[in-house]
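What follows is each chain in one-letter form.
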Amino acid sequence: MVRGQRNVKRVRPYDATGRQDRARQQHLAALDTARAFFLENGYAATTVESIAHATGVSVATIYKTYGGKAGLVRALCQSALEGAGAVPAEERSNALRAVNDPRQVIGGWGRLVGEVSPRISPLLLLLRIAAQTDPDAASLHEELDAARLARMTDNARYLARSGHLRAGVTMRDARDVLWFSTAPELYDLLVTRRRWSVAKYSHFVTDMITGALLSPD
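Now for a description of the structure that goes with this document.

The next thing to look at is the packing of helix H6 (residues 102-130) against helix H9 (residues 184-193). Where H6 contacts H9, the axes come no closer than 9 Å and their chain directions differ by 110°. Put simply, H6 runs roughly perpendicular to H9. Residues Ser117, Pro118, Ser121, Leu124, Leu125 and Arg128 of H6 lie in contact with H9, whose contacting residues are Pro184, Glu185, Tyr187 and Asp188.

Note that Glu82 resides in the loop between helix H4 (69-81) and helix H5 (89-95). Each C-alpha atom of the pair Glu82 and Asp21 lies 22 Å from the other, and the pair is 61 residues apart in sequence. Excluding its chain neighbours within four sequence positions, the residues that come into contact with Glu82 are Val87, Pro88, Ala89, Arg92 and Glu115.

For the rest of this paragraph, the subject is the packing of aromatic side chains. In total, this model carries four aromatic pairs according to the counting rule given. Consider the rings of Trp109 and Tyr158, whose centres lie 6.3 Å apart with planes at 70°: the pair is edge-to-face. Note that Trp109 is positioned in helix H6 and Tyr158 in helix H7 (residues 135-161), a separation of 49 residues in sequence. The pair Trp109 / Tyr158 is uniform in exposure class, with both members buried. Ring geometry for Tyr187 versus Tyr201: centroids 5.5 Å apart, planes at 80°, classification edge-to-face. Of this pair, Tyr187 sits in helix H9 while Tyr201 sits in helix H10 (residues 198-213), and the two are 14 residues apart along the sequence. Each member of the pair Tyr187 and Tyr201 is classed as buried.

In this section: helix H2 (residues 48-55). Residue pairs spaced three or four apart in an α-helix point in one direction, given the helix's 3.6 residues per turn. What H2 keeps buried is the set Val48, Ile51, Ala52 and Thr55. Down the axis of H2, the buried set is contained in an arc of 95°. They therefore lie on one face.

Direction vectors running N to C along H6 and H10 enclose 140°, while the axes themselves pass 8 Å from each other. In terms of orientation, H6 lies oblique with respect to H10. Judged by the sense of rotation from one axis to the other, the crossing of H6 with H10 is right-handed. Taken together, the residues of H10 that come into contact with H6 (itself represented by Arg103, Ile106, Gly107, Gly110, Arg111, Val113, Gly114, Ser117 and Pro118) are Val198, Tyr201, Ser202, Val205, Thr206, Ile209 and Thr210. Grouping the constituent residues of the contact of H6 with H10 by class yields seven nonpolar, seven polar and two charged.

A cluster of nonpolar side chains, namely Leu149, Trp179 and Phe180, defines an oily patch on the protein surface of about 260 Å² accessible area. As for its position among the elements, Leu149 is in helix H7. On the accessibility criterion, Leu149 (31% relative accessible area) is partly exposed.

Before going further, it helps to examine the pattern of salt bridges. What the rule picks out here adds up to 10 salt bridges. Among the ionic pairs, Glu185 bridges to Arg128, the shortest N-O distance being 3.0 Å. Separated by 57 residues along the polypeptide, Glu185 in helix H9 and Arg128 in helix H6 bring together distant segments of the chain. Taking the relative accessible area as the measure of exposure, Glu185 reaches 30% and is therefore partly exposed. Notably, a salt bridge pairs Asp176 with Arg175, separated by 2.9 Å at the nearest N-O pair. You can call Arg175 buried: its relative accessible area is 16%.

The subject of this paragraph is the side chain of Asp188. Structurally, Asp188 can be placed in helix H9. On the accessibility criterion, Asp188 (15% relative accessible area) is buried. Ignoring sequence-local partners within four residues, the contact set of Asp188 consists of Leu125 and Arg193.

Turning next to unusual backbone geometry. Positive phi values are uncommon outside glycine, yet Arg195 reaches one of about 65°. Along the chain, the position of Arg195 falls in the loop between H9 and H10.

Criteria and cut-off values
- Residues numbered from 1 in each chain as written.
- Predicted model: local features only at pLDDT ≥ 70, side-chain atom pairs only at ≥ 80, totals over all residues.
- Heavy atoms only, no water.
- Axes fitted to C-alpha atoms, helices over the stretch in contact; angles between N-to-C directions.
- Helix = DSSP H or I, 4+ residues; strand = E, 2+ residues; numbered from the N terminus.
- Parallel < 35°, antiparallel > 145°, perpendicular 65-115°, else oblique.
- Contact = heavy atoms within 4.5 Å.
- Phe/Tyr/Trp six-rings, centres within 6.5 Å; stacked < 30°, edge-to-face > 60°.
- Buried < 20%, exposed > 50% of the residue type's maximum accessible area, 1.4 Å probe, protein only.
- Arc of directions from axis to C-beta.
- Left-handed = near helix turned anticlockwise from the far one by under 90°.
- Nonpolar A, V, L, I, M, F, W, Y, C, P; charged D, E, K, R; others polar.
- Patch = residues over 30% accessible without salt bridge, like charges linked within 9 Å, V, L, I, M, F, W, Y side chains within 5 Å.
- Areas by Shrake-Rupley, 256 points an atom, 1.4 Å probe, with all protein chains shown as cover.
- Salt bridge = Lys/Arg side-chain N within 4 Å of Asp/Glu carboxyl O.

What follows is the structure, encoded as C-alpha cells:
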C-alpha cells in the first residue's frame, strides 16, 4: 500500500428492488382481500382493520396507500375497468374506431362489455347501496357514474360524427342507449339473477346497440 493511502472499504449501493416488490405484492393482496370482503360481507360490515389483519399489513399502511374504504373501492374499480388484457380496455375500445364498419366497432364494444362487466358491476352495485349511508361511497359512486356517462357520450359522438347512426337517432339517443347497455343493473338482472352466461349477455348487448342505433342491412 502506498504511504498515506487509506484502505477504503467499498460500500455496495442499497438495492430497494426486493423491498418494492414485497410492498407491491402486499398492496395487491390487500386489494384482493378487500374485494372478497366487500362482496361477501358488504361495504358497511367490512373494516379496514379486518382487511389489514387478513393481509398482514398495518392499518396505517392501508390508510396511507388508499385513504380508507372508499379509496380501496376506487382502486378496485380502476383495476376492473382495465379489463383482462395487457392493454387497458379503454385503449382497446378507442382503437376500434379505426375500423370503418360500425357493426364491427359495436361488436368489439360488446365483447369489452362482456370482459369488464363481471369485474366492475358488482363493485358499482356495492357502492350504490353504500351510497345511501356513507358520504365517501356516495361521492365515489356519483363520480364513477358520471365518468361512465361521459365515456358513452364520447362513443355516441364518434358514431354520430362518422355518420353511422340511422336516420332519426340523435347523438343523445345513442348516448343513452350506450349508457343503458353498460349499466351494472343490466348485468345484475341478466347474468346474476337470470343466470345468463357472460357470452350470451355480451351478444345481447351487441345486438341491442346495433338494433337501436344502426340502419338495418
